[in-house]
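# Chain and residue survey
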Amino acid sequence: MPLSSLPFAVVLNTQAGSGLAGREWPRLKAELDQHGLPHQLLQTGSAQEACWALAQLPPEQPVLAVGGDGTVYGLLPELRHSGRALGVVPLGSGNDFAGMLGLKPGDFGAALGRLSRPATAFDLLEVQLEGEAPDEWMTLLNGLGMGFDAQITALMNDVPKRLLGVHLGGLARYLWAALDGLRHLETEHLEVLLDDQPWYSGPSCLVAVMNGRRYGGGFLIAPQANPQDGLIDVVLGSELSRSALLLLMGRVLRGTHLTHPLVHHARARKVSVYWTRPMYAHLDGDVLGRQEGMHIQVVPGGLKFLSSS
Ligand SMILES: Nc1ncnc2c1ncn2[C@@H]1O[C@H](COP(=O)(O)OP(=O)(O)OP(=O)(O)O)[C@@H](O)[C@H]1O
């Protein structure tokens with residue numbers, strides 16, 4: 001489908017990357033001009049404001065999200081409603097979805113070079129919390145985690161952004177929080193249904209339900225996932241000791257953990273997760289607090305995406 005001749009609506013999240021997106025905007029604007037990409041900056045203080053501002057624009061007008069995974073996540077309700085195409089310039093802390101596609105923060109040439117290609121269809125995930133009304137769905141692009149990985153995401157808020165004058169990147173901060181999380185490791189009984197059939201029942205410290213391959217600023221938790229295959233990748237760890245989990249994290253960084261005997265992996269169109277005790281949860285890296293369970297289904301080709309590799 002050809003790219004609209006309307007200007008890109010730029011959603012600049014100045015908070016992303018601890019302020020990096022705001023600081024880099026003048027350089028990015030100059031590059032947009034150099035690439036001959038017309039654009040219109042939307043001044044927004046929150047994801048809700050950004051969705052509201054976008055909703056005033058024609059659906060043919062593409063949006064350029066400037067920030068991290070959370071910035072994109074915040075736009076998904078409007079994008080699903082309008083069918084608007086999305087391009088991304090990663091300037092967040094983790095940038096996991098863009099990073100999976102080979103985009104590096106600050107490499108504006110590469111990010112903007114992709115925007116003149118036709119949009120391609122990417123899958124989305126719809127998530128419903130256990131106990132919520134059946135029509136209360138949230139939309140994700142990258143994926144969610146419950147248990148240890150979400151606890152780390154929650155603990156990241158307490159990790160310093162600078163240490164001895166040096167800026168700590170997303171992966172360094174994630175590792176710091178992970179060491180903290182290991183001290184409070186929780187293992188609970190987990191039931192997982194895939195396409196309405198029982199798949200796993202037993203102890204677990206984490207389950208990840210992924211459309212993309214990585215989270216946490218570079219951990220390849222679902223190395224075989226493909227956000228264009230119409231399937232969800234589920235990866236869970238069963239009863240792992242602290243030392244086993246620490247060693248496993250090294251393998252997750254390289255994406256070589258799926259053969260570990262205490263790691264389970266499968267694919268499905270629909271996933272239901274139930275814990276006997278509420279566990280921490282995150283959606284596309286945004287912490288949601290403790291939840292008892294979730295129902296996830298794939299929305300094949302639900303997003304028109306301009307930044308594919
Ligand atoms: N359009 C927006 N304008 C202002 N704030 C936003 C907007 N969208 C999201 N936010 C808020 O800004 C926070 C940070 O944004 P984002 O998650 O993109 O950056 P990050 O955390 O540095 O990167 P990453 O998610 O890749 O680790 C979000 O968690 C959300 O609360």
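Residues numbered from 1 in each chain as written. Predicted model: local features only at pLDDT ≥ 70, side-chain atom pairs only at ≥ 80, totals over all residues.

Looking at an unreviewed UniProt entry, the chain carries the name Diacylglycerol kinase, with the source organism given as Deinococcus ruber.

### A few points about the site of the ligand
Near the ligand there are 23 residues, and of these Ala16, Gly68, Gly70, Gly92 and Gly94 occur at the shortest range. Going through the elements one at a time, α2 (47-55) and α3 (69-82) are the ones with two or more residues in the shell around the ligand. Ranked by residue count, the leading element in the shell around the ligand is α3, at four residues. Looking at the shell around the ligand, its residues break down into four nonpolar, 17 polar and two charged. (Near = placed C-beta within 6 Å. Helix = DSSP H or I, 4+ residues; strand = E, 2+ residues; numbered from the N terminus. Nonpolar A, V, L, I, M, F, W, Y, C, P; charged D, E, K, R; others polar.)

### Concerning the domain arrangement of the chain
The domains assigned to the chain are domain 1 (8-118) and domain 2 (125-301). Taking only C-alpha atoms, the centre of domain 1 and the centre of domain 2 are 25 Å apart. Taken together, the 14 residues of domain 1 in the interface contact 17 residues of domain 2. The residue inventory of the side of domain 1 that touches domain 2, partitioned by class, reads six nonpolar, five polar and three charged. (Domains from an automatic or database assignment. Contact = placed C-beta atoms within 7 Å.)

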